[in-house]
Amino acid sequence: MTGTAPRPPRRSALLRATTAAAVAVPLCTAGWFGWRALDHSGPAGATAAPAASAPAASSPTADPASAPPAPTATDQPGTADPGAPADGTAAPLTPPVAPPPSTTPAAEAPSAPADAAVLTGRTVLLDPGHNPGNSAHTAEINRQVDIGNARKECDTTGTETNAGYTEAEYTLDVSRRARALLAARGATVVLVQDGDRPWGPCVDERARAGADAHADVAVSVHGDGGPASGSGFHVIMPARVVAGKADNAAIVAPSRRLGLLLRDRFHAATGEPYADYIAKDGLDTRSDLGGLNLSTVPKVFIECGNMRNSTDAKRMTDPQWRQQAARGIADALTAFLTTQEKTEER
């Protein structure tokens with residue numbers, strides 16, 4: 001009861017307590033070492049063991065449903081390439097103790113693209129061929145303009161697929177996608193028209209646009225309207241024209257270098273074969289195009305495919321393929337602006 005001094009423990013009870021404590025200490029120590037054997041995080045700052053740090057999404061047998069869904073972005077310009085790996089990490093195999101930030105892959109920011117800002121200070125002109133509104137302004141686009149060595153229509157309506165997908169729609173979409181890719185690399189990108197004009201502009205204005213924008217280089221994007229049996233793409237380079245108000249002598253050689261790069265990079269990006277109904281090895285040289293005759297900056301045209309051919313039309317109406325086409329164009333322009341000019345076989 002309260003106030004009574006406690007009785008000293010008996011000798012036999014003390015002996016039993018001491019023996020139990022002596023046994024418990026080694027068992028606890030063994031348990032602690034066993035727990036540490038399962039701890040893959042290691043000391044602070046150490047590299048995580050592969051089993052704890054390898055992303056589950058990288059395994060070909062991983063359940064796709066377990067990884068966060070990647071955004072479907074192929075319908076928008078400048079978006080990530082389809083099929084890029086998801087940034088998932090495996091569930092930790094360690095006890096619930098937060099590892100240091102340096103050993104947590106999910107906490108690391110994605111590295112910047114290798115080509116980020118490589119085009120800073122450079123200006124690119126993209127010329128989407130034709131205009132969706134041209135068909136409603138036939139009088140304006142049929143007006144004749146001077147292209148140096150001849151007179152031609154201001155512009156045309158362009159071609160279309162058998163299903164009615166127009167060249168003007170295609171060229172504007174691909175140009176916007178290429179603009180986004182080039183801008184991400186630091187370039188200033190100017191479009192001759194961005195769907196913001198009711199018709200045109202005329203081919204002579206398109207040619208002047210490069211100089212007006214102080215562009216380093218220009219590409220005019222098109223789709224061809226060839227025979228239905230023919231397929232493939234080709235690049236058109238300027239022939240030398242010094243006639244009337246045209247004098248493109250200074251741009252012929254660099255335009256050829258651009259043309260070769262564009263042919264190779266577009267083919268690599270899209271898998272599209274060279275045209276089998278026109279040009280040779282995917283290259284053509286012409287003196288009847290005002291956009292090339294009157295240009296004062298290196299410039300080429302690309303006919304990305306034959307819209308009257310069912311196989312090419314299927315590709316060109318696919319948003320994912322259009323993104324690849326834009327990447328091929330952007331890669332060629334990047335290579336042109338970042339590599340040393342060299343003498344090409346004439």
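All values derive from a computational prediction rather than experimental measurement. (Residues numbered from 1 in each chain as written. Predicted model: local features only at pLDDT ≥ 70, side-chain atom pairs only at ≥ 80, totals over all residues. Heavy atoms only, no water.)

Enquirer: I'm lost on the side chain of Asp155 in this one. Help?
Expert: In this structure, Asp155 sits in the loop between strand 3 (151–153) and helix 4 (167–184). Residue classification places Asp155 among the buried residues on the basis of a relative accessible area of 6%. At 3.1 Å, the side chain of Asp155 and the side chain of Asn134 are in polar contact. (Helix = DSSP H or I, 4+ residues; strand = E, 2+ residues; numbered from the N terminus. Buried < 20%, exposed > 50% of the residue type's maximum accessible area, 1.4 Å probe, protein only. Polar contact = N/O pair within 3.5 Å; in protein donor to acceptor, adjacent residues only side chain to side chain.)

Enquirer: It is not clear to me how the confidence of the model for the chain should be interpreted in this structure. Could you clarify?
Expert: Regions with low pLDDT carry predicted coordinates that are not meant to be interpreted in detail. When the pLDDT values of the chain are averaged, the result is 77; 65% of them are 70 or greater. Throughout residues 1–112 the model reports pLDDT below 50, and contacts reaching past four residues in sequence, or to other chains, amount to 59 contacts. (pLDDT = per-residue confidence, 0-100. Contact = heavy atoms within 4.5 Å.)

Enquirer: How do you make sense of the pairing of strand 6 (residues 234–238) when you look at a structure like this?
Expert: In the case of a regular strand, side chains alternate between the two sheet surfaces. In terms of residue burial, strand 6 counts as a mostly covered element, since five of its five residues are buried. Along strand 6, one buried face is formed by His234, Ile236 and Pro238 and the opposite face, lined by Val235 and Met237, is buried too. For strand 6 and strand 10 (residues 299–306), the ladder comprises three bridges, and the chain directions are antiparallel. Following the sheet pairing, Ile236 is matched in strand 10 by Phe301. (Pairing = 2+ DSSP bridges.)

Enquirer: Sorry, what's going on with the sheet that holds strand 1 (residues 123–128) here?
Expert: Judged by pairing direction, the sheet is mixed, and its six strands sit side by side in the order 4-1-5-10-6-9 without closing on themselves. Edge strands, defined here as strands with exactly one partner in the open sheet, are strand 4 (188–191) and strand 9 (283–286). Adjacent strand axes in the sheet meet at a mean angle of 25 degrees, parallel and antiparallel pairs treated alike. Pairing of strand 1 with strand 4 involves four bridges; the strand directions are parallel. Bridging from a neighbouring strand, Leu126 pairs with Leu191 of strand 4. Lying over the sheet, helix 4 contacts strand 1, strand 4, strand 5 (217–224) and strand 10, oriented at roughly 145 degrees with respect to strand 5. Sheet contacts for helix 9 (residues 319–338): strand 1, strand 5 and strand 10; angle to strand 5, the most-contacted strand, approximately 150 degrees. (Axes fitted to C-alpha atoms, helices over the stretch in contact; angles between N-to-C directions.)

Enquirer: Where do I start with the state of the cysteines in this structure?
Expert: The bond known as a disulfide is covalent and runs between the sulfur atoms of two cysteines. Scanning the model with the defined rule gives one disulfide in all. The disulfide partner of Cys154 is Cys202, and the gap between their sulfur atoms is 2.0 Å. Between Cys154 and Cys202, the S-S dihedral sits near -95 degrees, and the bridge is therefore left-handed. Placement of Cys154 in the loop between strand 3 and helix 4 and of Cys202 in the loop between strand 4 and helix 5 (203–212) is noted, with a sequence separation of 48 residues between them. (Disulfide = S-S within 2.5 Å.)

Enquirer: Looking at this model, I keep getting lost on the packing of helix 6 (residues 252–270) against helix 9. Mind explaining?
Expert: The relative placement of two packed helices comes down to the angle between their axes together with the axis-to-axis distance. At a minimum axis distance of 8 Å, the contact between helix 6 and helix 9 shows a crossing angle of 145 degrees. The crossing of helix 6 and helix 9 is right-handed. Contact residues: Pro254, Arg257, Leu258, Leu261, Leu262, Arg265, Phe266, Ala269 and Thr270 in helix 6; Trp321, Gln324, Ala325, Arg327, Gly328, Ile329, Asp331, Ala332, Leu333, Ala335 and Phe336 in helix 9. The residue makeup of the contact of helix 6 with helix 9, split by class, is 13 nonpolar, three polar and four charged. (Left-handed = near helix turned anticlockwise from the far one by under 90°. Nonpolar A, V, L, I, M, F, W, Y, C, P; charged D, E, K, R; others polar.)

Enquirer: Sorry, what's going on with the packing of aromatic side chains here?
Expert: Describing an aromatic ring pair means giving the distance of the ring centres and the angle of the ring planes. By the definition in use, this model includes three aromatic pairs. Between the aromatic rings of Phe233 and Phe266, the centroid separation amounts to 4.8 Å while the plane-to-plane angle is 50 degrees, which identifies the pairing as tilted. Of this pair, Phe233 sits in the loop between strand 5 and strand 6 while Phe266 sits in helix 6, placing them 33 residues apart in sequence. Taken individually, Phe233 and Phe266 each receive the classification buried, so the pair is uniform in this respect. Here the aromatic rings of Phe266 and Trp321 are separated by 6.0 Å at their centres, their planes lie at 80 degrees, and the arrangement is edge-to-face. With Phe266 in helix 6 and Trp321 in helix 9, this residue pair connects regions lying 55 residues apart in the sequence. Taken individually, Phe266 and Trp321 each receive the classification buried, so the pair is uniform in this respect. An aromatic cluster of at least three residues, connected via ring pairs, comprises Phe233, Phe266, Tyr274 and Trp321. (Phe/Tyr/Trp six-rings, centres within 6.5 Å; stacked < 30°, edge-to-face > 60°.)

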